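Reading the structure
So you can see what is in the structure, the chains are spelled out below.
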Amino acid sequence: MSPIVEHSTPVPSAAVLGPFGGGGHALMLGHVHPDADVLGTLLALGLALEGRGWTVTYGGPHPAPALLAFLPGVERYRTLTMLDGPIDVVVLTDCPNPQRTEGLIEQARRVGKLIVNIDHHPDNRRYGDVNWVDTSAAATGEMIYELLTALGAPLTPAVATNLFTAIHTDTGSFRYSNVTPRTFAIAAALVAAGARPEVVSESLYERRAPDALRWLGEALTRVEISEDGRLGWLALPTGLVPERIVESEELVNYPRSVASVRVACLLRERDGEVKVSLRGKGDVDVQKIAAQFGGGGHVNAAGCTVIGPLPEATRVVLAAVRRAVDGSRMS
Ligand code: AMP
Ligand code: MN
Ligand code: MN
């Protein structure tokens, strides 16, 4: 058994850099329904390793969403069901829980020599042979920037664009409370290295289909705000609006944008399950609410999946949100 290394500072230790010193075959393994933080970091690190002679495979349990087709190298990211070995290093980024690989991690343990877990989630399970968890990082993108800098790997425009997008999305375009002076310092270095903010934001927010605004309007008619104004939510039955709209619109941000709302919630029904997104504004820890349903995330952004018909799921989740919001008011 390899020793487990824990390291929770912004700069990677020698133990974290060690696996990337040599060469060989690396698998960059993504989490379920990959977002820009996981894809951008896997691609940035993988492209940098390729530049140093590594053979790199990219993939995970689900495909990259169409919205992120602009990320340099994302066409290499494959949907994986079986893993072929041997693999020298398996890297997971932004993945707090090994269950978020739909079983691929168990295969990776069989064919891979070493599992490296790099993440910024507070609830990270430290499931790797090497674990680097920095909860002060706004995005895993910041950590991979530090890793590449420590390795002396060149920041190409492709690498910079991937990392800039990872940080851009996890900070809500540099607006959330996770943004620090370091976030801006890293973003500045990435722009200097060739990331183009206007291209990234146009790619993320201004490539709507002609019918998208009508569907957005349809979805927003479902927003509800509690009588005391502190809860805002949106429950979407299957088929009400196309999945491509739900995936690209970050609908939970609309109830969150109401001034009085302390916790916003999006519930979307899919294949008999309800996927729940929770967002807070600093006074309620939404990760604790998600954890009650087997989910996780961050203080202000978390999620979980609840079984059951949408009305029942909405009732139980909102009851838990209500308890948390009322608890925060008393304290
Ligand atoms: P989302 O609402 O899907 O954008 O997710 C927000 C945050 O919650 C991310 O940091 C996710 O990693 C986390 N998260 C979402 N769904 C789950 C889940 N089912 N289990 C654990 N963490 C989750
Ligand atoms: Mn992620
Ligand atoms: Mn992240």
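The paragraphs below set out a description of the structure included in this document. (Residues numbered from 1 in each chain as written. Chains lettered and ligands numbered in written order. Predicted model: local features only at pLDDT ≥ 70, side-chain atom pairs only at ≥ 80, totals over all residues. Heavy atoms only, no water.)

Take the site of ligand 1 next. Around ligand 1, the surrounding shell holds 14 residues, and the nearest of these are R100, H121, S277, R279 and G296. Interatomic distance of 2.8 Å between a side-chain N/O atom of H121 and an oxygen atom of ligand 1. The backbone of G296 places a nitrogen or oxygen atom 3.2 Å from a nitrogen atom of ligand 1. About the coverage of ligand 1: the protein hides 80% of its 480 Å² of free accessible area. Sorting the residues of the shell around ligand 1 by element identifies strand 11 (273-280), strand 12 (296-297) and strand 13 (301-307) as the ones contributing at least two each. Ranked by the residues each element gives to the shell around ligand 1, the list is headed by strand 13, at 5 residues. Its residues placed into classes, the shell around ligand 1 shows 3 nonpolar, 8 polar and 3 charged. (Near = heavy atom within 4 Å. Polar contact = N/O pair within 3.5 Å; in protein donor to acceptor, adjacent residues only side chain to side chain. Areas by Shrake-Rupley, 256 points an atom, 1.4 Å probe, with all protein chains shown as cover. Helix = DSSP H or I, 4+ residues; strand = E, 2+ residues; numbered from the N terminus. Nonpolar A, V, L, I, M, F, W, Y, C, P; charged D, E, K, R; others polar.)

Protein coordination of the manganese ion (ligand 3) is provided by D37 (OD), D94 (OD), H120 (NE2) and D170 (OD), with donor distances spanning 2.1 to 2.2 Å. Mapped onto the sequence, the residues coordinating the manganese ion (ligand 3) show the spacing D-x56-D-x25-H-x49-D. Looking at D94, the relative accessible area reads 3%, which means it is buried. (Donors = N, O, S within 2.8 Å, 3.2 Å for Na, K, Ca; no water. Buried < 20%, exposed > 50% of the residue type's maximum accessible area, 1.4 Å probe, protein only.)

Right, let's get into the packing of helix 2 (residues 36-51) against helix 4 (residues 140-151). Two numbers describe how helix 2 lies on helix 4: the axes approach to 9 Å, and their chain directions differ by 10°. On the basis of their axis angle, the class for helix 2 and helix 4 is roughly parallel. Only T140, G141, I144, L147 and L148 of helix 4 make contact with helix 2, whose side of the interface consists of D37, T41, A44, L45 and A48. Of the residues that constitute the contact of helix 2 with helix 4, the class distribution is 6 nonpolar, 3 polar and 1 charged. (Axes fitted to C-alpha atoms, helices over the stretch in contact; angles between N-to-C directions. Parallel < 35°, antiparallel > 145°, perpendicular 65-115°, else oblique. Contact = heavy atoms within 4.5 Å.)

With that settled, consider the sheet that holds strand 12. If you walk across this open sheet you meet the 6 strands as 8-9-10-11-13-12, and the pairing is mixed. Among the strands making up the open sheet, the edge pair consists of strand 8 (223-225) and strand 12. (Pairing = 2+ DSSP bridges.)

Turning to the coordination of the manganese ion (ligand 2), a few remarks are in order. For the manganese ion (ligand 2), the full set of protein donor atoms is H31 (NE2), D35 (OD), D35 (OD) and D94 (OD), at a range of 1.9 to 2.7 Å. Donor residues for the manganese ion (ligand 2), ordered by position in the chain, follow H-x3-D-x58-D. Separating the manganese ion (ligand 2) and the manganese ion (ligand 3) is a distance of 4.3 Å, and D94 donates to both of them. Residue D35 is located in the loop between strand 2 (25-29) and helix 2, and its partner D94 is located in the loop between strand 5 (87-93) and helix 3 (104-111); the two are separated by 59 residues in the primary sequence. Looking at D35, the relative accessible area reads 29%, which means it is partly exposed.

On to helix 8 (residues 212-220), then. Within the sequence span of helix 8, burial applies to A212, L216 and A219. Taken around the axis of helix 8, the buried residues stretch over an arc of 60°, which confines them to a single face. Among the structural elements, strand 8, strand 9 (231-236), helix 9 (243-249) and helix 10 (253-256) are those in contact with the buried residues of helix 8. (Arc of directions from axis to C-beta.)

Another point: the pattern of salt bridges. Tallied over the entire structure, the rule returns 17 salt bridges. For R125, the salt bridge identified is with D123, shortest N-O distance 3.9 Å. Taking the relative accessible area as the measure of exposure, D123 reaches 15% and is therefore buried. Residues R244 and D211 are paired through a salt bridge, measuring 2.7 Å at the closest nitrogen-oxygen approach. Taken together, the positions of R244 in helix 9 and D211 in the loop between helix 7 (197-205) and helix 8 put the pair 33 residues apart, joining distant regions of the chain. Judged by its relative accessible area of 43%, R244 falls in the partly exposed class. Several salt bridges converge on common partners, so that one network encompasses D134, E142, E146 and R182. (Salt bridge = Lys/Arg side-chain N within 4 Å of Asp/Glu carboxyl O.)

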